[in-house]
Amino acid sequence: MSRNQIEALLDRYIKGETSTEENALVERWLEENGNFNTEWEGLDQSGKDRWLSGVFGDIKNSIHASEAKVIQLPQRKHFLWRSVAAAVLIIFSILYIEWPALQNRLHPVQFTALQVPANQRKEITLADGSQVWVNAGSEIKYPKVFNSKVREVYLSGEAYFDIAHDAHKPFIIHTGNVVTTVLGTAFNIREDKSKNTIEITVTRGKVSVANGEKLLGVLTPNQQISFNTLKEEAIKGAVDANLVIAWRQSELHFDDVSFADAVSQLRQRFNVKINFANEKLKNCRFTGTSLNGEKLDNILKVICAFNNATYQTKSDGSILIDGAGCK
């Protein structure tokens, strides 16, 4: 018997619309659990879970019994009826409020965790057909099957999502307290814990971004929200989404780009800090370079040669680029 049918039975019992057999079943259960309210107050969460599960099972088993034993009861007095009705109403309320959460606790969703090592990228296809590209040093947790009303995953780091459309099951990504919700679209999420920022950038469709229950904004293609987790401040702006997701590509294409844009691609591709000693270097532009499968050192040698610059790797692993720069 379904939960809705059990709720309907309790509701009819309170209204006095149940049959003699149904009255006997409900009242017998009440007699057997007559002190539930006192017991409930003394239980911890685990005990409450087991108690509620037993309640639901007892009622289902009673209703499912092939032959219900009819118990003749004396005429109910007014005060007894009110007491019983109140008890049933409490039971009904507890079941209604607690049952969804109870089901989740009794049957928790099993998540698979994927951790991507440094200097690697992984592409996975989720159970609903959605594709996810996970960047180096990132982790994603996802269920093998989406069997609830929403599709939820947990991300730490950076990933690009191409979500299969399902109007009845929103797709939700948790990145710390930031919640990104979509129905079917493509977007990038980047968490930078060193800067206390989370960036969400849309390449296709529409994305809703929230900090907990507080809406930060709705994004469309080539829009980005940058959220400072320390200050809890969000900045929304326009960006070139193709540059943001360039880390997914096997090749690096530098076609009439600024030195600043090229370094931005390298930061995302190799997950490394790269700084300029001279801000004028950012304005230098170059073209005609396509590098495939090269190490970072080799790429830096090439693009620094194009821009009359040099670079050095510091003790903390960051890279500093220096040179005369461009006007």
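So, how was this worked out
Residues numbered from 1 in each chain as written. Predicted model: local features only at pLDDT ≥ 70, side-chain atom pairs only at ≥ 80, totals over all residues. Heavy atoms only, no water. Phe/Tyr/Trp six-rings, centres within 6.5 Å; stacked < 30°, edge-to-face > 60°. Helix = DSSP H or I, 4+ residues; strand = E, 2+ residues; numbered from the N terminus. Buried < 20%, exposed > 50% of the residue type's maximum accessible area, 1.4 Å probe, protein only. Salt bridge = Lys/Arg side-chain N within 4 Å of Asp/Glu carboxyl O. Pairing = 2+ DSSP bridges. Axes fitted to C-alpha atoms, helices over the stretch in contact; angles between N-to-C directions. Contact = heavy atoms within 4.5 Å. Disulfide = S-S within 2.5 Å.

As recorded in an unreviewed UniProt entry, the protein chain goes by the name FecR family protein, listed as coming from Mucilaginibacter xinganensis.

Peer 1: What should I look at first to understand the packing of aromatic side chains in this one?
Peer 2: In this description, a pair of aromatic rings is defined by centroid distance and the angle of the planes. As enumerated under the stated definition, the model contains 8 aromatic pairs in all. Judged by centre distance (5.7 Å) and plane angle (50 degrees), the ring pair of Trp133 and Tyr160 falls under tilted. Here Tyr160 lies in strand S6 (residues 158–162) and Trp133 lies in strand S3 (residues 131–134), a separation of 27 residues in the sequence. A relative accessible area of 16% places Trp133 in the buried class. An aromatic cluster of at least three residues, connected via ring pairs, comprises Phe146, Phe161, Phe171 and Phe187.

Peer 1: Whenever I open this one, the pattern of salt bridges confuses me. Can you help?
Peer 2: Where charged atoms from two side chains of opposite charge approach closely, those side chains can pair. Counted by the stated rule, this structure contains 5 salt bridges. Of the charged contacts, one joins Arg204 and Asp162 as a salt bridge, the two residues approaching to 2.7 Å between their closest N and O atoms. Here Arg204, found in strand S10 (residues 197–204), pairs with Asp162, found in strand S6; they are 42 residues apart in sequence, far enough to count as distant. In this structure Arg204 comes out as partly exposed when scored by relative accessible area, which is 40%. For Asp162, a relative accessible area of 22% gives the class partly exposed. Sharing partners across several salt bridges, the network here consists of Glu158, Arg190 and Asp192.

Peer 1: Quick question: what am I supposed to make of the sheet that holds strand S17 (residues 274–276) here?
Peer 2: Working definition: the strands of a sheet are paired by backbone hydrogen bonds and lie parallel or antiparallel to each other. What the 3 strands build is an open sheet, ordered S17-S21-S20; its pairing is mixed. Of all the strands in the sheet, just S17 and strand S20 (309–313) have a single pairing partner and so form its edges. Across this sheet, the average inter-strand angle for adjacent strands is 25 degrees, counted without regard to direction. Looking at chain direction, S17 and strand S21 (residues 319–323) are connected through 3 bridges and run parallel. Following the sheet pairing, Phe276 is matched in S21 by Ile321. Across the face of the sheet, helix H7 (residues 259–270) comes into contact with S17, S20 and S21 while running at roughly 160 degrees to S17. Against the sheet, helix H8 (residues 296–306) touches S20 and S21, its axis set at about 155 degrees to S20.

Peer 1: For this particular structure, what's the right way to read the sheet that holds strand S14 (residues 233–238)?
Peer 2: Here we have 7 strands laid out as an open sheet, ordered S2-S3-S6-S9-S10-S13-S14, and antiparallel in their pairing. The two strands at the open ends of the sheet, each matched to only one other strand, are strand S2 (122–125) and S14. Going from strand to strand, the sheet's axes swing by 15 degrees on average, the running direction of each strand aside. Sheet topology note: the S6/strand S9 (residues 186–192) ladder contains 5 bridges and is antiparallel. Bridge pairing in S9 places Phe161 opposite Phe187.

Peer 1: Would you take a moment to explain the state of the cysteines for this structure?
Peer 2: Working definition of a disulfide: a covalent bond connecting the sulfur atoms of two cysteines. Summed over all chains, the structure comprises 1 disulfide. Each sulfur of the disulfide joining Cys284 and Cys326 lies 2.0 Å from the other. Here Cys284 and Cys326 share a disulfide; its torsion about the S-S bond, 105 degrees, makes the bridge right-handed. Here Cys284 is found in the loop between S17 and strand S18 (285–286), whereas its partner Cys326 is found in the segment after S21, with 42 residues between them in sequence. The class of Cys326 is partly exposed, set by a relative accessible area of 29%.

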